[in-house]
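# Survey of secondary and tertiary structure
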Amino acid sequence: MVDLWQGYAWPGLVIVAQIFAILVPLLLTVAYLTYAERKVIAAMQMRKGPNVVGPFGLLQPVADGIKLLFKETVIPSGANRVVFIAAPVVTFVLSLIGWAVIPFDFGVVLSDINVGILYLFAISSLGVYGVIMAGWASNSKYAFLGALRSAAQMVSYEIAIGFVIITVLLCVGSLNLTDIVLAQKDLWFAIPLLPMFVIFFISALAETNRAPFDLPEAEAELVAGYSVEYSSLTFALFFLGEYANMILMSALTVILFLGGWLPPLDVAPFNWIPGPVWFAVKIAGLLFLFLWVRATFPRYRYDQLMRLGWKVFLPASLFWVVLTAGVLVATGWAPV
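These figures come from a predicted structure and were not determined experimentally.

This part covers the packing of helix H4 (residues 116–137) against helix H9 (residues 232–257). The N-to-C vectors of H4 and H9 enclose an angle of 160°; their axes lie 12 Å apart at closest approach. Judged by the angle between their axes, H4 and H9 are roughly antiparallel. In terms of crossing hand, the pair formed by H4 and H9 is left-handed. The segment H4 lies against H9, with Ile 117, Leu 120, Gly 130 and Ala 134 engaging Phe 238, Leu 248, Leu 252 and Leu 256.

Put into structure tokens, the structure is as follows:
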């Protein structure tokens, strides 16, 4: 029994500790991202935002979490109880397990698999299932319409995201996320692939159902959409899942286009700053853009949303894949 404990238990404990080392800061970041959003939008609208609970309102996320934790979970009488409860759990879990392959620095990654980008694309594609389950199980027409909108929207923009990822992979020649970052040591892909960077970021807004693409939860016509029947902890899981997905898509954007943990210039004082700090700073910058867009742009009409995905982003990203492949082959820069 001692040999078994030494051989299997300790590595297991190390993995659990590594998982907690990722999840605890992530959940704290999610909580305070809600605070940052309210403060940033308040500043842009010349308001104060949260300023009562704690100094500068810093305890507001804690108060909100306690409130949602102790409220009653109301399940509609006509709802499918099992699927109704499972939907927010699926959404929340999928928003967390993608971090298993995210490299925070060279060698600092939970699972450095060779198909990391494919794993992340698969996880993001599964995210729509939680929304569809919630819309169907709620037995509400508003929730069901929100789920249908979300399914069509996420499928439409995932195609553009797929072509953007293919463009990056053509330049790298590897599906490993660490290799993608190291390939940007001399030049971030955001510069030569600027149109793809823009398309990817806008598609990330649509993929996470964020403004101006928040049609699945439009208050005016769908009264919060797929989450309209949810309350207390189940609603909190949807809420946390959405913000965790925002952080995950920002991290993926940083890895694909902004050099991951690499500094802008490999000279002092830039290279004095640790890689994980650069990684976090870049993610924070993209998250600020998420909030800025929400405070600035009005919501798209649904036909405009679909037209942008199918008639603009799809042909543009496909053209850039062909152009990138042609340039790489013609110049002999294609990775082996």
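Moving on, we come to the pattern of salt bridges. On inspection of all chains with the given rule, the structure shows seven salt bridges. Here Arg 210 and Glu 37 are joined by a salt bridge, their closest N and O atoms 2.5 Å apart. With Arg 210 in the loop between helix H7 (194–207) and helix H8 (219–222) and Glu 37 in helix H1 (residues 2–44), the pair connects residues that are 173 residues apart, well separated along the chain. Like Arg 210, the residue Glu 37 is buried in the burial classification. Arg 299 is the partner of Asp 214 in a salt bridge, and the nearest nitrogen-oxygen pair spans 2.9 Å. Note that Asp 214 is positioned in the loop between H7 and H8 and Arg 299 in the loop between helix H10 (275–296) and helix H11 (302–331), a separation of 85 residues in sequence. On the basis of relative accessibility, which here comes to 11%, the residue Asp 214 falls in the buried class. The exposure class of Arg 299 is partly exposed, given its relative accessible area of 31%. Taken together, the salt bridges that share partners define one network made up of Glu 37, Arg 210, Glu 242 and Arg 294.

A word on H4. Between its first and last C-alpha atoms H4 spans 33 Å; for 22 residues at 1.5 Å apiece the expected length is 32 Å, and the two agree. Considered for burial, the residues of H4 that qualify are Gly 116, Ile 117, Leu 120, Ile 123, Gly 127, Val 128, Gly 130, Val 131, Ala 134, Gly 135 and Ala 137. Buried residues along H4 sit in contact with helix H3 (81–97), helix H5 (141–172), helix H6 (177–182) and H9.

Another aspect to go through is the nonpolar core. In this structure, Trp 99, Ile 102, Phe 200, Leu 256, Phe 257 and Phe 279 are the most contacted members of the largest nonpolar core, which totals 66 residues. Here the element with the most residues in this core is H9; it accounts for 13 residues. In contact with Leu 256, other than residues within four places in its own chain, are Ile 117, Ile 165, Val 168, Ile 180, Gln 184, Phe 189 and Phe 200.

For the rest of this paragraph, the subject is the side chain of Thr 167. Examined against the element boundaries, Thr 167 turns out to sit in helix H5. Engagement of the side chain of Thr 167 in a polar contact is seen with the backbone oxygen of Phe 163, the distance being 2.9 Å. Thr 167 has contacts with Leu 193, Met 196, Trp 320, Val 321 and Thr 324, leaving out every residue within four places of it along the chain.

Attention shifts here to the packing of aromatic side chains. Geometry of an aromatic ring pair is reported as the spacing of the ring centres plus the angle between the planes. Within this structure, the stated rule accounts for 16 aromatic pairs. Taking 5.8 Å as the distance between ring centres and 55° as the angle between the ring planes, the aromatic pair formed by Phe 200 and Phe 257 counts as tilted. With Phe 200 in helix H7 and Phe 257 in helix H9, this pair connects stretches of sequence that are 57 residues apart. Each member of the pair, Phe 200 as well as Phe 257, carries the same accessibility label: buried.

In this section: the environment of Asp 186. Structurally, Asp 186 can be placed in the loop between H6 and H7. Overall, Asp 186 belongs to the exposed group, its relative accessible area being 79%. Along the backbone, Asp 186 and Gly 259 are 73 residues apart, and their C-alpha atoms lie at a distance of 9.3 Å.

For the pair H7 and H9, the least separation of the axes is 10 Å and the interaxial angle reads 170°. By the criterion of interaxial angle, the relationship of H7 to H9 is roughly antiparallel. Facing Met 196, Phe 197, Phe 200 and Ala 204 of H7, the residues of H9 in contact are Met 249, Leu 252, Thr 253, Leu 256 and Phe 257. Residues belonging to the contact of H7 with H9 are distributed by class as follows: eight nonpolar, one polar and no charged.

Let us now look at the confidence of the model for the protein. Detailed reading of the predicted model is not advised wherever pLDDT is low. On average, residues of the protein score 88 in pLDDT, and 96% of them reach the 70 mark or higher. Ignoring residues within four places in sequence, the model shows residues 1–5, a span with pLDDT below 50, making two contacts including any to other chains.

Now for H9. Since the α-helix packs 3.6 residues into each turn, any two residues three or four apart lie on the same face. Its 26 residues place the ends of H9 38 Å apart at the C-alpha level, agreeing with the 38 Å of an ideal helix rising 1.5 Å per residue. Phi turns positive one or two residues past the end of H9, at Gly 259, with a value near 75°.

The rules behind the values
- Residues numbered from 1 in each chain as written.
- Predicted model: local features only at pLDDT ≥ 70, side-chain atom pairs only at ≥ 80, totals over all residues.
- Heavy atoms only, no water.
- Axes fitted to C-alpha atoms, helices over the stretch in contact; angles between N-to-C directions.
- Helix = DSSP H or I, 4+ residues; strand = E, 2+ residues; numbered from the N terminus.
- Parallel < 35°, antiparallel > 145°, perpendicular 65-115°, else oblique.
- Left-handed = near helix turned anticlockwise from the far one by under 90°.
- Contact = heavy atoms within 4.5 Å.
- Salt bridge = Lys/Arg side-chain N within 4 Å of Asp/Glu carboxyl O.
- Buried < 20%, exposed > 50% of the residue type's maximum accessible area, 1.4 Å probe, protein only.
- Expected span 1.5 Å × (residues − 1).
- Core = buried A, V, L, I, M, F, W, Y, C linked by side-chain atoms within 4.5 Å.
- Polar contact = N/O pair within 3.5 Å; in protein donor to acceptor, adjacent residues only side chain to side chain.
- Phe/Tyr/Trp six-rings, centres within 6.5 Å; stacked < 30°, edge-to-face > 60°.
- Nonpolar A, V, L, I, M, F, W, Y, C, P; charged D, E, K, R; others polar.
- pLDDT = per-residue confidence, 0-100.

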